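Analysis of the macromolecular model
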Amino acid sequence: MQKLGTLLFTTAMLGLMTPVIFADVSGQNAAYANNGNGNGGGNGGGNGGGNGGSKKSSEARGNSAAARGQAGGQAVGQGAGKAAPLAAQLKSLNSLNRNLNGVMNSADPKMAPMRSFITASAAYETAVDTEAAAAAAYADEYADLAEAAASLGLSDTPETWVSEIASLKAELEAAPVAEGEEGYDAYIAQFEAVAEAETEAAEALQAKGILDAAVAEVAATEGAASEDALISAIVDAYNATGNEVITVSDLTPEMIDYAKSQLGFGDADGAIDAYMSGL
């Protein structure tokens, strides 16, 4: 971590770092730092994002549809008893059997809802990866701050570290030791340790802000990449031609599974993966 000049951070800056920030630092550190600094995203839609690679959006979502009422299982299940062959059930959905270029550049109105879902999924996956990286960086910064706090003999309460650092600095400034006087070297060493702790606190605070923004972005993009959103896209694709109007209840599990397979929702590789690889 970059170390700024010994006296660069002032007490005024410390006043901006409220104890609430380090209450968050304390509470989230176990979720991030204890995961080896690589298993980021300890909240919301991005929990699985810290494995160091691109996280499939549906894997990160897990069973999101079940948690939200599983429109794809309960409402959709009404169509499961249809005896028509899958190819006949698919109808317009057969158009998904195209390469990425055919999906993304087609003038076919059926492809518009699918394109929207693909790009939304890509935005969500990018947000998950960003959260993972931010969580790992935050864990590193917090570890450095905790080390600095320990070297100064601060308390075990991160919420008070800012005020403790400020108090130590004020004490040192109130009783300076001039060069050549007894204890000068120890005084300088202590002053430098306090300045380093100021730096670590500022960098931990900055990393926390970046992580918070990443977490918010995951939450903001998750819904549009969810299974419920996929099901809505399927219905919209069917209805785009105007030949017939269907609802969620007309879909069968097989139809939904086909769309998932072609798009790459879940463990399958499909259009979402191809689109992400080109970003």
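The shown structure was predicted, so the numbers you read here are calculated from the model rather than taken from an experiment.

Let us look at the overall build of the protein chain. On a plain count of helices and strands, the protein chain comes out with 12 helices and zero strands. Order of helices (α) and strands (β) in the protein chain, N terminus to C terminus: α-α-α-α-α-α-α-α-α-α-α-α. By the burial criterion, 42% of the 279 residues in the protein chain qualify as buried. Contacts in the protein chain between residues far apart in sequence, at least 24 positions, make up 73% of those at least 6 positions apart. With an accessible surface of roughly 12900 Å², the protein chain has 52% of that area assigned to carbon and sulfur atoms.

What follows is about the confidence of the model for the protein chain. Scored by pLDDT, the protein chain has a mean of 77; 68% of the residues are at 70 or more. Averaged over each element, pLDDT in the protein chain is lowest for helix α1 (residues 11–14) (34) and highest for helix α7 (residues 111–151) (97). Here residues 29–55 is a poorly scored stretch, pLDDT under 50, and it has 56 contacts once near neighbours within four places are set aside; other chains count. Counting contacts from residues 60–83, a segment whose pLDDT is below 50, to residues more than four positions away or on other chains yields 46 contacts.

Going through the model one piece at a time under the given rule, you end up with five salt bridges. Among the ionic pairs, R98 bridges to D108, the shortest N-O distance being 3.1 Å. Remark: D108 occurs in the loop between α6 (100–104) and α7 and R98 occurs in the loop between α5 (86–90) and α6; sequence separation between them is 10 residues. Looking at D108, the relative accessible area reads 15%, which means it is buried. With a closest N to O distance of 2.9 Å, K208 and D212 form a salt bridge. Placement of the pair is K208 and D212 together in helix α9 (residues 184–222), with a separation of four residues, close to one helical turn. Given the relative accessible area of 2%, K208 is considered buried. Among the residues examined, D212 registers a relative accessible area of 34% and is labelled partly exposed. Here the salt bridges do not stand alone but share partners, grouping R98, D108 and K110 into one network.

Per the counting criterion, the structure on display carries four aromatic pairs. Geometrically, the ring pair formed by Y138 and Y142 is tilted, given 6.4 Å between the ring centres and 40° between the ring planes. Linking Y138 with Y142, this pair stays in helix α7, spanning four residues, or about one helical turn. The same class applies to Y138 as to Y142, namely buried. Ring centres of Y187 and F191 lie 5.9 Å apart, and the angle between their planes is 55°; on these two criteria the pair is classed as tilted. On the criterion of helical spacing, the pair formed by Y187 and F191 is a turn pair, its members being four residues apart in helix α9. The exposure class assigned to Y187 is buried, which follows from its relative accessible area of 12%. Residue class for F191 comes out buried when judged on its relative accessible area of 13%. An aromatic cluster is defined as three or more aromatic residues linked by ring pairs; in this entry it consists of Y138, Y142 and W161.

Right, let's talk about the environment of E222 for a bit. Of note, E222 is situated in helix α9. We classify E222 as buried; its relative accessible area is 19%. Once the C-alpha coordinates of E222 and E125 are considered, the two residues, 97 residues apart in sequence, prove to be 8.8 Å apart.

Basis of the calculations
Residues numbered from 1 in each chain as written. Predicted model: local features only at pLDDT ≥ 70, side-chain atom pairs only at ≥ 80, totals over all residues. Heavy atoms only, no water. Helix = DSSP H or I, 4+ residues; strand = E, 2+ residues; numbered from the N terminus. Buried < 20%, exposed > 50% of the residue type's maximum accessible area, 1.4 Å probe, protein only. Contact = heavy atoms within 4.5 Å. Areas by Shrake-Rupley, 256 points an atom, 1.4 Å probe, with all protein chains shown as cover. pLDDT = per-residue confidence, 0-100. Salt bridge = Lys/Arg side-chain N within 4 Å of Asp/Glu carboxyl O. Phe/Tyr/Trp six-rings, centres within 6.5 Å; stacked < 30°, edge-to-face > 60°.

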